[in-house]
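Residues per chain are reported as follows:
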Amino acid sequence: MDLKSTNGSLVVADPAPITKSRLGAYSGLMPYSQSGQSLVANIATVPRKKPAKLDDVRSNGWLDAMISSSPPRKRVHKDFNAFDIVSDEADVAYQSWMIRYPSALKSFNLDHAKNRKLVMFLDYDGTLSPIVDDPDRAFMSNEMSAAVRSVAKHFPTAIISGRSRDKVYDLVGLTELYYAGSHGMDIMFPARDTVSPNHLNCIKSTDLQGKDVNLFQPASEFLPMINEVYRTFVEITKDIKGAKVENHKFCVSLHYRNVDENSWPLIAQYVHDILKDYPRLRLTHGRKVLEVRPVIDWHKGRAVEFLLESLGFSNSSDVLPIYIGDDRTDEDAFKVLRKGNRGYGILVSTTPKESNAFFSLRDTSEVQDFLESLVRRMAQQDAKGL
Ligand SMILES: O=P(O)(O)OC[C@H]1O[C@H](O[C@H]2O[C@H](CO)[C@@H](O)[C@H](O)[C@H]2O)[C@H](O)[C@@H](O)[C@@H]1O
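Residues numbered from 1 in each chain as written. Predicted model: local features only at pLDDT ≥ 70, side-chain atom pairs only at ≥ 80, totals over all residues. Heavy atoms only, no water.

Caption draft 1: Summary view of the packing of helix 9 (residues 300-310) against helix 10 (residues 331-338). At their nearest, the axes of helix 9 and helix 10 sit 6 Å apart, and the two run at 50° to each other. Accordingly, the angle class assigned to the pair helix 9 and helix 10 is oblique. Contact residues: Lys300, Gly301, Val304 and Glu305 in helix 9; Asp332, Ala333, Val336 and Leu337 in helix 10. Each residue belonging to the contact of helix 9 with helix 10 can be placed in one class, and the counts come to 4 nonpolar, 1 polar and 3 charged. (Axes fitted to C-alpha atoms, helices over the stretch in contact; angles between N-to-C directions. Helix = DSSP H or I, 4+ residues; strand = E, 2+ residues; numbered from the N terminus. Parallel < 35°, antiparallel > 145°, perpendicular 65-115°, else oblique. Contact = heavy atoms within 4.5 Å. Nonpolar A, V, L, I, M, F, W, Y, C, P; charged D, E, K, R; others polar.)

Caption draft 2: View of the nonpolar core. If you look at the biggest cluster of nonpolar residues, it comprises 64 residues, and the most contacted ones within it are Phe121, Ile187, Phe233, Val271 and Leu281. For this core, the leading source of residues is helix 8 (residues 264-276), giving 8 residues. Contact partners of Val271, with chain neighbours within four places excluded, come to Trp62, Phe233, Leu254, Leu283, Leu290 and Val292. Counting residues in each nonpolar core, the second largest holds 38 residues, with Ala104, Leu110, Val168 and Met378 among its members. (Core = buried A, V, L, I, M, F, W, Y, C linked by side-chain atoms within 4.5 Å. Buried < 20%, exposed > 50% of the residue type's maximum accessible area, 1.4 Å probe, protein only.)

Caption draft 3: Region of the structure containing the confidence of the model for the chain. Taken over all residues, the pLDDT of the chain has a mean of 84, while the share at 70 or more is 82%. Counting interchain partners and residues more than four positions distant, the pLDDT-below-50 stretch residues 1-28 has 57 contacts. Below pLDDT 50 for its whole length, residues 30-45 participates in 37 contacts with residues either more than four positions away or in separate chains. Model confidence for the complex is summarised by a pTM of 0.85, with the ipTM given as 0.99. (pLDDT = per-residue confidence, 0-100.)

Caption draft 4: Focus on the packing of aromatic side chains. Counted according to the given criterion, the structure contains 15 aromatic pairs. Between Phe108 and Phe359, the ring centres sit 6.0 Å apart and the planes meet at 85°, which makes this aromatic pair edge-to-face. Placement of Phe108 in the loop between helix 4 (104-107) and strand 3 (117-122) and of Phe359 in strand 15 (residues 359-361) is noted, with a sequence separation of 251 residues between them. No difference in accessibility class separates Phe108 from Phe359, as the two residues are buried. Judged by its relative accessible area of 1%, Phe108 falls in the buried class. Against the face of Tyr94 rests Arg362, its NZ or CZ located 3.9 Å from the ring centre. (Phe/Tyr/Trp six-rings, centres within 6.5 Å; stacked < 30°, edge-to-face > 60°. Lys NZ or Arg CZ within 6 Å of the ring centre and 35° of its normal.)

Given below as structure tokens:
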């Protein structure tokens, strides 16, 4: 993989092949060495001044990405006729977008599986729980929880989230699922499942119920660095009303959804300046959230491949993976499935967007309908003895 710097923002290009290093870890996953620099930049103790200029984030596109990162809320217009026209135009655009990304509710059927075992991958925020202002209150409805549980009875099912594995487990609370947190950089799976000898950074552990499990944490050496960045972010945002920082163990989230738009450039410039001191970290954009994570060749798509392998499904002719997700970080998983027609990505979106997904669903309630309909169709097949 090559790191290019455009106006100070890091761009990841062409992943290098993963080869085993003498240390036993895979060198393709290793941080990109910068001669003479320690892993932890040790700058947290230096007080940060307000950035003098906010030009970098305007010219490098961060600000535009921040603005467009989540669809705007529907506004109630006083002029109802004007509102109707706008909605009609939006509907037409959405309908023509759906020609390219047909609704999974209408267009996916079990014939797509053709005797292959279906494996379900689910993102959490915006997919199983609606987007809300407070990330600590992003709960799944009881109906959605029941739908996910039923799906997991029929198909191996995993949650792959940007949140820490513990947080997403607390929110979902279903023991029958596999969980991958920190955008796939923290995967827990049962000890009985295969661990490929390729994955040497797998360790044995126990889950909250005391069961033996395997843990795969390819970014474990970044823990101190991530903690340091988390503390720095908390410090710089303490006077910015509405900003919220979350420590997701192997990545940090800085939310600006509830911050006055006039302060967005300031937040972006702070993050931009801080990242200059951490060449081994990079920024990704989520829905009204800036996410900082290690520069390693690992993402939600790699986590999907890893879990398929651990489940014994490396042979793609046996299995049909489906991945449902709503944001940019899910595109890595969609890409992996699209490659070689391995499986199907389903994008959850109320607005048209370019995607590597194959199908679409409008919102979390359609996700629930889709999961319920899969279970119904499976039950019908079972009843017919197919
Ligand atoms: O990979 P995901 O499970 O989709 O997690 C991505 C981020 O989700 C959360 O933030 C988003 O949802 C919040 C609750 O609805 C919303 O307030 C926020 O604006 C969204 O960005 C989570 O808090 C982030 O840390 C995750 O990275």
